[in-house]
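Structural description and commentary
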Amino acid sequence: GESVGLHLPTLSVQEGDNSIINCAYSNSASDYFIWYKQESGKGPQFIIDIRSNMDKRQGQRVTVLLNKTVKHLSLQIAATQPGDSAVYFCAEISFGNEKLTFGTGTRLTIIP
Amino acid sequence: EAQVTQNPRYLITVTGKKLTVTCSQNMNHEYMSWYRQDPGLGLRQIYYSMNVEVTDKGDVPEGYKVSRKEKRNFPLILESPSPNQTSLYFCASSRYGQGERNQPQHFGDGTRLSIL
């Protein structure tokens, strides 16, 4: 069946460096993508989203890139801080389908 | 403060004893949903509701019931809990259904259930 997955389950980055978290999806009909951040003991928190008619979207210190040709999504975090340590999930949905499908998550650890 | 509130946050109970996890949102959202989160499996949708009195099955609905009698509340009911329902549960809401107008979901802080 369709699935959303992540290339790496864990990622360690030096504080101040940039982080890139990758996500592959298999449903070519997906047209809306979301990145969530989940800190220990909390629910997923919305970070940034992107629609399929875009290939890049920027927020505060975060950028999401979408490559529909290879069905790949990435989250870039600039100048990582200790507070960025968390599990990051990508999720996707198709227009008209109410189901939000999540990947299994990547744990980002910031090294002081 | 805009939020999704779940209760209880933690519960240990025994097989077969009916339980209800409540979920309430104060954002006047139409769409609400329940997920379970298990190691290595990510978040999987149990049930969702597009609006009052409208509910639909997600990916893993077996063993669960929901109701949506009013807009702000969306309780999750386990009529006869079993150990394989031990998990971390999240309630979420959004202004509209996800496939309708692309609105991100807001999540509660989770309920950890242990079924012995």
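Every value quoted in this text rests on a predicted model; they were computed, and no experiment measured them.

Regarding its fold elements, chain B presents one helix and 11 strands. Start at the N end of chain B and walk to the C end: the helices and strands fall as β-β-β-β-β-β-β-β-β-α-β-β. Against the compact-globule benchmark of 13 Å for 116 residues, chain B has a radius of gyration of 13 Å, which places it among compact chains. Dimensions of chain B along its principal axes, counting C-alpha atoms only, are 40 × 30 × 25 Å. Classification of the 116 residues of chain B by burial places 52% in the buried group. Across chain B, every contact between residues at least 6 apart in sequence was considered, and the portion connecting residues at least 24 apart equals 55%.

Attention now goes to the state of the cysteines. Residue and element names in this part refer to chain B. A complete count under the given rule lists two disulfides over all chains for this structure. Disulfide pairing is shown between Cys23 and Cys91; the S-S distance is 1.9 Å. Of note, the bridge from Cys23 to Cys91 carries an S-S torsion of about -75° and is left-handed in sense. With Cys23 in strand E3 (residues 19-25) and Cys91 in strand E9 (residues 87-94), the pair connects residues that are 68 residues apart, well separated along the chain.

With that out of the way, let us pick up a nonpolar patch on the surface. Residue and element names in this part refer to chain B. Residues Ile12, Val14 and Leu116 make up a contiguous nonpolar surface patch of about 320 Å² in total accessible area. Within the element layout of this structure, Val14 appears in the loop between strand E2 (10-13) and E3. Val14 gets classed as partly exposed once you look at its relative accessible area, which sits at 44%.

What follows is about the environment of Thr5 of chain B. All names here are of chain B. Along the chain, Thr5 turns up in strand E1 (residues 4-7). Residue class for Thr5 comes out partly exposed when judged on its relative accessible area of 31%. A C-alpha to C-alpha distance of 9.3 Å links Thr5 and Ala92, two positions 87 residues apart in sequence. With sequence-adjacent residues up to four places away left out, Thr5 is seen in contact with Thr22, Cys23 and Ser24.

Turning to the nonpolar core, a few remarks are in order. Counting residues in each nonpolar core, the largest one holds 20 residues, and the members touching the most others are Ile21, Trp35, Leu73, Leu75, Tyr88 and Leu108 of chain A. Contributing elements (two or more residues each) for this core: strand E2 (10-14), strand E3 (19-25), strand E4 (30-38), strand E5 (45-51), strand E7 (62-67), strand E8 (72-77), strand E9 (86-94) and strand E11 (106-111) of chain A. If you look at the next biggest cluster of nonpolar residues, it comprises 19 residues, including Cys23, Val60, Val66 and Tyr89 of chain B.

How each quantity is defined
- Residues numbered from 1 in each chain as written.
- Chains lettered and ligands numbered in written order.
- Predicted model: local features only at pLDDT ≥ 70, side-chain atom pairs only at ≥ 80, totals over all residues.
- Heavy atoms only, no water.
- Helix = DSSP H or I, 4+ residues; strand = E, 2+ residues; numbered from the N terminus.
- Rg over C-alpha atoms; globule rule 2.2 N^0.38 Å.
- Buried < 20%, exposed > 50% of the residue type's maximum accessible area, 1.4 Å probe, protein only.
- Contact = heavy atoms within 4.5 Å.
- Disulfide = S-S within 2.5 Å.
- Patch = residues over 30% accessible without salt bridge, like charges linked within 9 Å, V, L, I, M, F, W, Y side chains within 5 Å.
- Areas by Shrake-Rupley, 256 points an atom, 1.4 Å probe, with all protein chains shown as cover.
- Salt bridge = Lys/Arg side-chain N within 4 Å of Asp/Glu carboxyl O.
- Core = buried A, V, L, I, M, F, W, Y, C linked by side-chain atoms within 4.5 Å.

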